[in-house]
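So you can see what is in the structure, the chains are spelled out below.
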Amino acid sequence: MAVERPYRHRTVGDRRLAPETQMMGYGYDPRLSEGAVKCPLFMTSTFVFETAEAGKSFFELAYGLREQKPNEEPGLIYSRLNNPDLQVLEDRLTLWDGAESSLVFATGMAAISTTVLTYLRPGDVIVHNEPVYGGTEFLTERILPEFGISREVWGTYPGAQTLDEAIARAQARGRVGIIFIETPANPTNDLVDIAAAAAKAATMVGPDGRRPLVVVDNTFLGPLWQQPLAVGADLVVYSLTKYVGGHSDLVAGGCLGSEALIAPVRGMRTVLGTISDPHTAWMLLRSLETLKLRMTSSMKNARYVAEFLQEHPKVKTVHYLGFLREGSDAHRIYRAQCKAAGATFSFEIHGGEAEAFRLLNALKIIKLAVSLGGTESLMEHPATMTHSDVPTERATRIGVTPGMVRISVGIEHPEDVIADLRQALDAV
Ligand SMILES: *Cc1c(COP(=O)(O)O)cnc(C)c1O
């Protein structure tokens, strides 16, 4: 008696539909909602079962007590397990990444922590590149060790240990449960070769038949400009707070992959209670309709801004993916796994924290705030804000210098953003 939701067109005639087209209808059946063109907001904590037998059957499926029947949709039970807004959103979220299944969480950190807690156990090691997002860093450095899970890091900055070296050291301590990759890395835009990490993981099958899962944080370029599952990642995680939400008015996260790998994460999400809520899901459905427009506009604007900064005498280096040197390793990785340079990057000005602060304090249009991927341009100082948790000596070593500022270019007129940067750089 599960509800059928047939609105999952992937083709029209022999034409395969593009994700930007599917964002307006995929997964939503108007017949279930009085013909409403848009998926309504289902502000309800619980759902009425037609019969006791139906309720029993829904629970059996939700708790894995029986297999899903062909074409069966999971029944609606309770909004910590599922909700129509979440279900339509999760269907649509799979499309850009070409994933079989997806889950939406209360925040990006809820997605990351629920995913790693699903797949790591005491004695395991998580291997990840650095720098990574501050919250992820805190989780692997401070919280997971309390549960007997240690970490090993690698990087691409001078003197860093390589992925192979990090894995060798990790294996001396325990099973490598997850290879976690954030690429481009925040805030340096260092790139990690996802396919190479997946190839390495494939050689690491343990006596129990398991190998490390390759999990990629795709927040910076995804889902438009990078699709990690297509180049060998097992799971993709997101802060949907950023480009996907796109208006700096909500927090949410996502995890995508094959149904076989997503199902255990779904079970963990139900018990930890890290699911998102119907209102946020409804907002994200609205955001997804304009995702391609927003990401394309900000990506184009970012190139103008990066070119302006590169020519400016007070600017030392611009870590923009569009400026990678032909023939470099980073450029090869960029060509293999990225479709565009995105709109968030950092740059270093001559001087240190004092100069960076004078620049930030002089901004008029661009907002001084952390976060990224919104319609408005934002700037921040990684060393003292998003990465303040990283000790200064290590921060400098991994490339987060006192003179570095990060910009997330929005969808304003690019010449207005440049005019603001020009006058603010004059004030330095
Ligand atoms: C913001 C961010 C996160 C955390 O997401 P929240 O929604 O703030 O919990 C994780 N990874 C990256 C790369 C981010 O930028």
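Residues numbered from 1 in each chain as written. Predicted model: local features only at pLDDT ≥ 70, side-chain atom pairs only at ≥ 80, totals over all residues. Heavy atoms only, no water.

## Focus: the packing of helix 4 (residues 108–119) against helix 5 (residues 134–143)
Rules: To obtain an axis, a line is fitted to C-alpha atoms, over the contacting stretch when the element is a helix, and the angle between two such axes runs from 0 to 180 degrees between their N-to-C directions. Counting from the N terminus, the helices are the DSSP runs of H or I reaching at least four residues and the strands are the DSSP runs of E reaching at least two. In these notes the angle categories are as follows: under 35 degrees is roughly parallel, over 145 is roughly antiparallel, 65 to 115 is roughly perpendicular, and the rest is oblique. Two helices crossing with the near one rotated counterclockwise from the far one by less than a right angle form a left-handed crossing, whereas a clockwise rotation gives a right-handed crossing. Contacts between residues were defined by any pair of non-hydrogen atoms, one from each residue, lying within 4.5 Å. Ten residue types, Ala, Val, Leu, Ile, Met, Phe, Trp, Tyr, Cys and Pro, are classed as nonpolar, four, Asp, Glu, Lys and Arg, as charged, and the remainder, Gly among them, as polar.
For the pair helix 4 and helix 5, interaxial distance at closest approach is 10 Å and the crossing angle is 30 degrees. By the angle between their axes, helix 4 is roughly parallel relative to helix 5. For helix 4 against helix 5, the interelement crossing comes out right-handed. Contacts between helix 4 and helix 5 involve Met-109, Ile-112, Ser-113 and Val-116 from the first element and Gly-135, Thr-136 and Leu-139 from the second. Here the contact of helix 4 with helix 5 is composed, by residue class, of four nonpolar, three polar and no charged.

## As for the pattern of salt bridges
Test applied: Salt bridges are defined by distance alone: a side-chain nitrogen of Lys or Arg within 4 Å of a carboxyl oxygen of Asp or Glu. Throughout, exposure labels follow a simple rule: accessible area from a 1.4 Å probe, protein chains only, divided by the maximum for the residue type, with under 20% read as buried, over 50% as exposed, and the rest as partly exposed.
Going through the model one piece at a time under the given rule, you end up with 25 salt bridges. Residue Glu-137 pairs with Arg-394 through a salt bridge whose shortest N-O separation is 3.3 Å. Here Glu-137 is found in helix 5, whereas its partner Arg-394 is found in helix 13 (residues 392–397), with 257 residues between them in sequence. With a relative accessible area of 13%, Arg-394 lands in the buried category. Through salt bridges that share partners, Glu-130, Glu-137, Arg-151 and Arg-394 make up one connected network.

## Here we look at the environment of Ser-388
Going by this rule: The definition of a polar contact used here is a pair of N or O atoms within 3.5 Å, where within protein one atom must be able to donate a hydrogen and the other to accept one, and adjacent residues in sequence count solely through side-chain atom pairs.
Considering the arrangement of structural elements, one finds Ser-388 in the loop between strand 13 (378–380) and helix 13. Put simply, Ser-388 and Ala-202 are 186 residues apart on the chain and 36 Å apart in space, counted from C-alpha to C-alpha. For Ser-388, the contacting residues outside a window of four places in its chain are Pro-382 and Ala-383. Among the polar contacts listed, one links the side chain of Ser-388 to the backbone oxygen of Met-385, at a separation of 3.1 Å.

## Overview of the site of the ligand
To keep it simple, the criterion reads: Residue proximity to a molecule or strand is established when one non-hydrogen atom of the residue lies within 4 Å of it. Per-residue and other accessible areas follow the Shrake-Rupley method at a 1.4 Å probe size, with only the shown protein chains counted as cover for residues.
Among the 14 residues in the neighbourhood of the ligand, the closest are listed as Gly-108, Met-109, Asp-217, Thr-241 and Lys-242. Interatomic distance of 2.9 Å between a side-chain N/O atom of Ser-239 and an oxygen atom of the ligand. Burial of the ligand by the protein chains amounts to 93% of its free accessible area of 380 Å². For the shell around the ligand, the class distribution of residues is six nonpolar, five polar and three charged.

## Thoughts on empty space enclosed by the protein
Note the following rule: Put simply, the grid is 1 Å and covers the protein atoms alone, a cavity is a trapped set of points that fit a 1.4 Å probe, a pocket is an open set with protein on both sides within 12 Å along at least five of seven lines, and lining residues have an atom within 4 Å of a point. Grid points are joined across faces, edges and corners, and a volume is the space filled by probe spheres set on the points.
Counting across every chain of the model gives one cavity of 30 Å³ or more. Computed from the structure, the largest cavity encloses a volume of approximately 40 Å³. In this structure, the largest cavity is lined by Tyr-243, Arg-294, Met-295, Ser-298, Gly-373, Gly-374, Thr-375 and Ile-411. Grouping the constituent residues of the lining of the largest cavity by class yields three nonpolar, four polar and one charged.

## Quick word on the nonpolar core
For clarity, the cut-off: What we call a nonpolar core is a set of buried Ala, Val, Leu, Ile, Met, Phe, Trp, Tyr and Cys residues that are connected through their side-chain atoms within 4.5 Å. Note that domain bounds follow an automatic or database assignment of domains.
Membership of the largest hydrophobic core comes to 68 residues, with the highest contact counts inside it found for Val-305, Leu-309, Phe-345, Phe-347, Met-379, Ile-407 and Leu-421. In terms of residue count, helix 10 (residues 291–311) provides more of this core than any other element does, eight residues in total. When residues of this core are assigned to domains, at least three fall in each of domain 1 (84–288) and domain 2 (291–426). Excluding residues within four positions of it along the chain, Phe-347 makes contact with Leu-309, Val-315, Thr-317, Val-318, His-319, Leu-359, Met-379, Gly-403, Met-404, Val-405 and Ile-407. Counting 22 residues, the second largest nonpolar core, distinct from the first, contains Tyr-119, Leu-144, Val-215 and Val-265.

## Regarding the packing of aromatic side chains
Convention followed: Two aromatic rings, drawn from Phe, Tyr or Trp (for Trp, its six-membered ring), form a pair once their centres lie within 6.5 Å of each other, and the interplanar angle then sorts them: stacked below 30 degrees, edge-to-face above 60, tilted otherwise. The rule is short: NZ of Lys or CZ of Arg within 6 Å of the ring centre and within 35 degrees of the ring normal puts a charge over the ring.
What the rule picks out here adds up to five aromatic pairs. Both rings, one in Phe-49 and one in Phe-58, keep their centres 5.8 Å apart while their planes meet at 80 degrees; by these two values the pair is edge-to-face. Phe-58 gets classed as buried once you look at its relative accessible area, which sits at 11%. Taken together, Phe-49, Phe-58, Phe-59 and Tyr-63 form an aromatic cluster joined through their ring pairs. Just above the ring of Phe-105 sits the side chain of Arg-269; from NZ or CZ to the centre is 5.8 Å.

## Remarks on the domain arrangement of the protein chain
As a measure of interface size, the accessible area lost when the parts come together is often cited. We apply this condition: Buried area is understood as the total, over both parts, of accessible area removed when two parts are fitted together, assessed with a 1.4 Å probe.
What the domain assignment reports for the protein chain is domain 1 (84–288) and domain 2 (291–426). Once you take the C-alpha centre of each, domain 1 and domain 2 turn out to be 24 Å apart. Taken together, the contact between domain 1 and domain 2 spans 40 residues of the former and 44 residues of the latter. Carbon and sulfur atoms supply 57% of the area that domain 1 and domain 2 bury against each other, a total of about 3,500 Å² over both sides. Across the domain 1-domain 2 interface, the total number found is three salt bridges. We note a salt bridge from Asp-193 to Arg-332, for which the minimum N-O separation is 3.3 Å. Inspection of the domain 1/domain 2 interface yields 20 residue pairs in polar contact (both at pLDDT 80 or more). Elements with a contribution of two residues or more to the side of domain 1 that touches domain 2: helix 5, helix 7 (194–202) and helix 9 (278–289). The element contributing the most residues to the side of domain 1 that touches domain 2 is helix 5, with four residues.

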